[in-house]
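Chain and residue survey
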Amino acid sequence: MLLLLMELKSNKCSQATSGGIQHTWNISSHPTAHPQSFSSRGPEMPLVCLRDFEAHAREQLSKSTWDFIEGGADECLTRDDNIAAFKKIRLRPRYLKDVSKVDTRTTIQGEEISTPICIAPTGFHCLAWPDGEMSTARAAQAAGICYITSTYASCSLEDIVATAPGGLRWFQLYVHPNRQLNKQLIQKVESLGFKALVITVDVPKIGNRRHNITNQVDLMKNLLLKDLGSPEKGSLMPYLQMSPIDSSICWDDLSWFQSMTRLPIILKGILTKEDAELAVKHNVHGIIVSNHGGRQLDEAPASIDALTEVVASVKGKIEVYLDGGIRTGNDVLKALALGAKCVFLGRPILWGLAYKGEHGVEEVLNILKNEFHTSMTLTGCRSVAEISRDLIQFSRM
């Protein structure tokens, strides 16, 4: 089932060597394996916004890779609504305030980050750049923000940690039907210094992603797995990546996860007040309001539209975050004004990787941070704590 997700043609993080298990990706024609070839096109215009990175990635990546990254479920209505919904919100700036010093720092789960803009879990970063998640981790560490590593990382967890040992890392878990495998993986990430466990709850079944189905033959043809072995013989990650997600997990199972780890547990994929209230009841530490980038249930609400009722229902008892549709600094400001503690970026990180690897991700993060700083300044916010609901109004469009 999850073979549809991969057209991995890179080699830098092709060796997951922990425990002697290797999974190797075919690299014969990776579209971004030779970034120096871009210079043959002459001097490049600078990329000045996230949309520029999107356009560049679309040009550079193969069609099947682009379709995998950009595709949504069914008619992609929710994917597109994630972006469009932000444009229905208008800002109410306040002036004649001393904004000579503006501080974008904040905290999540007690850890300081330089700006409330972090990296969401997305799989198979080697699709976009040979170093894959290692490049992403280094960029996050340099930016002083949190990076949520996916169960479907194409680099080993040990390599990701080793390349950015000082970075703030959370781990995203797709729950496997075998409880013992989940336990082993959770204990492993805790021992590696990950600071939170993010459990994705919106994938009891993979959404109807039409582009992946259309491209199945090409995706299968470009996948090369060697010596996968069994979880008893080595690394859990390749085995988990090729296995089904547990569709039986329910609220009562959360106590089992809490019994085996000291890590704070964050639920990713909550969209309603009812589920938010249950999350508080079951003593989780945070919620990521998310519709999986519009890749799961089409016609679910846009993340920013769902944020208000989730924030209201938790009554400040746990932190609430958001992913989906963030493309500008104004979007970040709007999300925080509606109660998000920080936002997480998905697709734009992969666009940055496709541009210049680690340095491309750094550019994406710097552009968005600078835009957010400008948005704060122009609305009269000197600190993240001053961002409030009073800053926004909903358009009548």
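Shown above is the structure to which this text applies.
Parameters and conventions
Residues numbered from 1 in each chain as written. Predicted model: local features only at pLDDT ≥ 70, side-chain atom pairs only at ≥ 80, totals over all residues. Heavy atoms only, no water. Axes fitted to C-alpha atoms, helices over the stretch in contact; angles between N-to-C directions. Helix = DSSP H or I, 4+ residues; strand = E, 2+ residues; numbered from the N terminus. Parallel < 35°, antiparallel > 145°, perpendicular 65-115°, else oblique. Left-handed = near helix turned anticlockwise from the far one by under 90°. Contact = heavy atoms within 4.5 Å. Nonpolar A, V, L, I, M, F, W, Y, C, P; charged D, E, K, R; others polar. Phe/Tyr/Trp six-rings, centres within 6.5 Å; stacked < 30°, edge-to-face > 60°. Buried < 20%, exposed > 50% of the residue type's maximum accessible area, 1.4 Å probe, protein only. Lys NZ or Arg CZ within 6 Å of the ring centre and 35° of its normal. 1 Å grid on protein atoms, 1.4 Å probe; cavity = no way out; pocket = protein on both sides within 12 Å on 5 of 7 lines; lining within 4 Å. Points joined across faces, edges and corners; volume = space filled by probe spheres on them. Arc of directions from axis to C-beta. Disulfide = S-S within 2.5 Å. Polar contact = N/O pair within 3.5 Å; in protein donor to acceptor, adjacent residues only side chain to side chain. Pairing = 2+ DSSP bridges. Right-handed = clockwise from strand over helix to strand, strands pointing away.

Viewed as axis vectors pointing N to C, helix α1 (residues 50-60) and helix α14 (residues 347-356) meet at an angle of 60°, and their least axial separation amounts to 8 Å. As the angle between them shows, α1 and α14 are arranged oblique. For the element pair α1 and α14, the recorded crossing hand is left-handed. Across from Leu50, Phe53, Glu54, His56 and Ala57 in α1, the residues of α14 making contact are Pro348, Trp351, Gly352, Ala354 and Tyr355. Classifying every residue of the contact of α1 with α14 by side-chain character gives seven nonpolar, two polar and one charged.

Once that is clear, we can look at the packing of aromatic side chains. The description of an aromatic ring pair rests on the distance of the ring centres and on the angle between the ring planes. In total, this model carries nine aromatic pairs according to the counting rule given. Here the aromatic rings of tryptophan 256 and phenylalanine 257 are separated by 5.0 Å at their centres, their planes lie at 85°, and the arrangement is edge-to-face. We classify tryptophan 256 as partly exposed; its relative accessible area is 23%. Relative accessible area serves as the criterion here: at 0%, phenylalanine 257 is assigned to the buried category. In this structure an aromatic cluster arises from ring pairing among Phe68, Phe124, Tyr152 and Tyr174. Its guanidinium or amino end placed over the ring of tryptophan 256, arginine 179 lies 4.6 Å from that ring's centre, counting from NZ or CZ.

Below, the discussion takes up the layout of surface pockets. In this approach a probe as big as a water molecule rolls over the atoms, and the regions it shows empty are the leftover space. Reported here for the largest pocket is a volume of approximately 520 Å³. Elements with a contribution of two residues or more to the lining of the largest pocket: β7 (197-200) and β8 (265-270). Ranked by residues supplied to the lining of the largest pocket, first place goes to β8 with three residues. Looking at the lining of the largest pocket residue by residue, the classes come out as 16 nonpolar, seven polar and three charged. Together, 17 residues line the second largest pocket, and Glu54, Trp66, Glu70, Arg79 and Asp80 are the ones closest to its centre. If you list the elements that add at least two residues to the lining of the second largest pocket, you get α1, α2 (63-70) and α3 (77-84). For the lining of the second largest pocket, the leading source of residues is α3, giving four residues. When its residues are assigned to classes, the lining of the second largest pocket shows two nonpolar, six polar and nine charged.

What follows is about α1. Here α1 has its buried residues at Leu50, Phe53, Glu54, His56, Ala57 and Gln60. With its buried residues spanning 165° around the axis, α1 presents them on a single face. Among the structural elements, α2, α14 and α15 (358-378) are those in contact with the buried residues of α1.

In this structure the tally under the stated criterion is four cavities of 30 Å³ or more. Space inside the largest cavity adds up to approximately 480 Å³. What lines the largest cavity is a set of 34 residues, among which Pro121, Thr122, Gly123, His292 and Arg295 lie closest to the centre. Those elements giving two or more residues to the lining of the largest cavity turn out to be α2, β11 (343-345) and α14.

Right, let's talk about the state of the cysteines for a bit. Disulfide: a covalent bond formed between the sulfur atoms of two cysteine residues. With the rule as written, the count across this model stands at zero disulfides. In this structure cysteine 146 is not part of a disulfide, and its nearest cysteine sulfur, from cysteine 118, lies 5.2 Å away.

What follows deals with α2. Counting buried positions along α2 yields seven of eight residues, so the element is predominantly enclosed. Taken residue by residue, α2 has Ser64, Thr65, Trp66, Asp67, Phe68, Ile69 and Glu70 as its buried positions.

Structurally, histidine 125 can be placed in the loop between β4 (117-119) and α4 (133-143). Side chain to side chain, histidine 125 and threonine 122 meet in a polar contact 2.6 Å long. Beyond its immediate chain neighbours, meaning those up to four positions away, histidine 125 contacts Gly132, Glu133, Thr136, Tyr147, Ser154, Leu350 and Leu353.

The next point concerns unusual backbone geometry. Here phenylalanine 124, not a glycine, exhibits a phi torsion of approximately 60°, which is positive. Within the element layout of this structure, phenylalanine 124 appears in the loop between β4 and α4. The backbone phi angle of asparagine 283 is positive, close to 65°, even though this residue is not glycine. By secondary structure assignment, the location of asparagine 283 is in the loop between α11 (273-281) and β9 (286-289).

In terms of burial, strand β10 (residues 319-323) is largely enclosed, as five of its five residues are buried. By the alternation rule, side chains of β10 split into Glu319, Tyr321 and Asp323 and Val320 and Leu322, which are all buried. Relative to β10, β9 runs parallel, the two sharing four bridges. From the neighbouring strand, valine 289 faces β10, where its bridge partner is leucine 322. For the crossover that starts at β9, traverses helix α12 (residues 303-314) and ends in the parallel β10, the hand is right-handed. Alignment of β10 against β11, held across two bridges, turns out to be parallel. Directly across from aspartate 323, in β11, lies its bridge partner phenylalanine 344. With helix α13 (residues 329-337) bridging β10 and the parallel β11, this β-α-β connection has right-handed handedness.

Geometric descriptors of this kind do not, in isolation, establish any biological role.
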